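For reference, the chains in residue letters:
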Amino acid sequence: MRLLIERSELLRALSHVASVVEKRTTIPVLSNVLIRALPGTVSFKGTDLEREVVETATADSDQPGAVTVSAHLLHDIVRKLQDGSQVSLDTGGEAQSQRLTVISGSSRFFLPVLSADDFPDLAAGEMGSEFEMPAYDLKKLIEKTRFAISTEETRYYLNGIYLHLADSGGRKLLRAVATDGHRLALVELPAPPGSESMPGVIVPRKTVNEVHRLIEDTSAPVTVALSRTKIQFRIGTVVMTSKLIDGTFPDYQRVIPQANNKTMLVPNAEFTTAVDRVATVSSDRGRAVKLSISGGRLTLTVTNPDGGSATEEVDVDYDADPLEIGFNARYLMDISSQLDGETARFSLADPGSPTIVRDGDDMSALYVLMPMRV
């Protein structure tokens, strides 16, 4: 194998691929990136057996072939090369070469390699459903739900985003749901054409975060293909394939209250900063803030036997019976930070029942928050 590639192209590809490669693994080839040269192009593949990222780049390749080499070592080398330089990757033309030569300017590196034949292929197999959606929409589904993904490994089926189709008034919706048992985030969008046959799937937390990183700076459409065991995202020259969580997501509809008849409208930015200020004196363990709502006034109170107490008042729109209810301050701020509009809408029932929070300007997202005893 022999190829010549521009340093920035190589660095971009290796940055995407190396992100899924574990630095320490008991299987040596999993520490490597698979480099496959074809006429005019080169592909780079990395995997941890749960996720796989493949990136294709333009290169001058006069000797096709494939080899695997340490992903993080090659990435570090390329990162330190001169910007704008050309990089040569060469195995010397030997069928069973034991090293890869990396040349750029006066720099030369000789790296040990492993056979490409031993590299796993996670993308093999049929994907039953495929559809395309704007990167902005996928980013919205991820950003507004991933904060609620559970990190509790015993309930592994909550360690991801539940992506599925839902029916609302005869309209098909693509819905993303995440919960950790204390709060629930739900975001829905019109179902993209072609998604009608997709199964409900649980996308793992690591995959969610990696996809978000890949689409952060792109406006190109994203192609999503999935089966009951795998999901694939095609983003420009990058293809990411991931296994899905093999489990059953709980019936989240049961925890969304239907009879919360007390509505509070509050300026979201003012509310968020007020919660942040009074929570300064809260204990790391409790972080409970009490909301006392009466008429057009919301009083936020935090009491910490060891750290003192704090109160702050915010003007609100509220005309129901007075109510006192407690929440975890961090959970409140996590939810309020997802709201893009100026107003947060709280739908409340009583001190012991879940509360619904919505963006006053965007009804496509819904958040459920369990109260705390204060």
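Just so we're clear, the structure is a prediction, and the values are computed from it rather than from any experiment.

Parameters at a glance
- Residues numbered from 1 in each chain as written.
- Predicted model: local features only at pLDDT ≥ 70, side-chain atom pairs only at ≥ 80, totals over all residues.
- Heavy atoms only, no water.
- Pairing = 2+ DSSP bridges.
- Helix = DSSP H or I, 4+ residues; strand = E, 2+ residues; numbered from the N terminus.
- Axes fitted to C-alpha atoms, helices over the stretch in contact; angles between N-to-C directions.
- Contact = heavy atoms within 4.5 Å.
- Buried < 20%, exposed > 50% of the residue type's maximum accessible area, 1.4 Å probe, protein only.
- Arc of directions from axis to C-beta.
- Core = buried A, V, L, I, M, F, W, Y, C linked by side-chain atoms within 4.5 Å.
- Left-handed = near helix turned anticlockwise from the far one by under 90°.
- Nonpolar A, V, L, I, M, F, W, Y, C, P; charged D, E, K, R; others polar.

Student: Mind showing me how you'd approach the sheet that holds strand 24 (residues 355-359) here?
Tutor: To summarise the sheet geometry, strands pair through backbone hydrogen bonds and adopt either a parallel or an antiparallel arrangement. An order of 14-11-12-13-25-24-23-18 is seen for the eight strands of this open sheet, with the pairing classed as antiparallel. Only two strands of the sheet have a single partner each, and these edge strands are strand 14 (201-204) and strand 18 (262-267). Within this sheet the neighbouring strands show an average axis-to-axis angle of 25 degrees, counted without direction. Docked against the sheet, helix 3 (residues 135-143) engages strand 11 (160-168), strand 12 (171-179), strand 13 (183-190) and strand 25 (362-369), running at close to 165 degrees with respect to strand 13.

Student: So what exactly am I meant to see when it comes to helix 5 (residues 268-278) here?
Tutor: The α-helix advances 3.6 residues per turn, and as a result positions three or four apart in sequence lie on the same side. Along helix 5, the residues that are buried comprise Asn268, Phe271, Ala274, Val275 and Val278. One side of helix 5 carries all its buried residues, which in axial view fall inside an arc of 130 degrees. Residues of helix 5 that are buried make contact with strand 18, strand 19 (288-294), strand 20 (297-304), strand 21 (308-315), helix 6 (329-336) and strand 23 (343-348).

Student: Explain unusual backbone geometry here, please?
Tutor: Trans peptide bonds make up most of the peptide bonds, and negative phi angles are found at most residues other than glycine. Positive phi, normally seen in glycine, also occurs at Leu49, with a value near 75 degrees. Topologically, Leu49 is positioned in the loop between strand 3 (41-47) and strand 4 (51-58). Owing to a relative accessible area of 33%, Leu49 belongs among the partly exposed residues under this scheme.

Student: Help me understand the nonpolar core, please; the structure alone is not making it clear to me.
Tutor: Ranked by size, the top nonpolar core spans 97 residues in total, and within it Ile35, Phe44 and Leu300 carry the most contacts. Other than its neighbours up to four places away in sequence, Ile35 contacts Met1, Leu3, Val42, Ser43, Phe44, Gly65, Ala66, Val67, Val69, Leu74, Leu89 and Leu100. Core analysis: the next-biggest nonpolar cluster, separate from the first, contains 13 residues, Val177, Leu184, Ile202 and Ile356 among them.

Student: Would you take a moment to explain the packing of helix 3 against helix 4 (residues 205-215) for this structure?
Tutor: Packed helices, taken two at a time, are described by the angle their axes make and the gap between the axes. The N-to-C vectors of helix 3 and helix 4 enclose an angle of 145 degrees; their axes lie 10 Å apart at closest approach. Considering only the axes of helix 3 and helix 4, their crossing is left-handed. In contact with Ala135, Leu138, Lys139, Ile142 and Glu143 of helix 3, helix 4 contributes Val208, Val211, His212 and Ile215. Split by residue class, the contact of helix 3 with helix 4 holds six nonpolar, one polar and two charged.

Student: Just checking my understanding: could you explain the side chain of His75 for this structure?
Tutor: Along the chain, His75 falls in helix 2 (residues 71-79). Those residues in contact with His75, other than ones at most four positions away along the chain, are Leu11, Leu14 and Ser15.

Student: I'm lost on the sheet that holds strand 22 (residues 323-328) in this one. Help?
Tutor: With antiparallel pairing, four strands are arranged side by side in an open sheet as 21-20-19-22. Each having just a single partner strand, strand 21 and strand 22 make up the two edges of the open sheet. When strand polarity is set aside, the average angle formed by the axes of neighbouring strands in this sheet is 20 degrees. Direction of pairing for strand 20 relative to strand 21: antiparallel, over a ladder of eight bridges. What sits directly across from Leu298, in strand 21, is Val314. Docked against the sheet, helix 5 engages strand 19, strand 20 and strand 21, running at close to 170 degrees with respect to strand 21. Across the face of the sheet, helix 6 comes into contact with strand 19 and strand 22 while running at roughly 85 degrees to strand 22.

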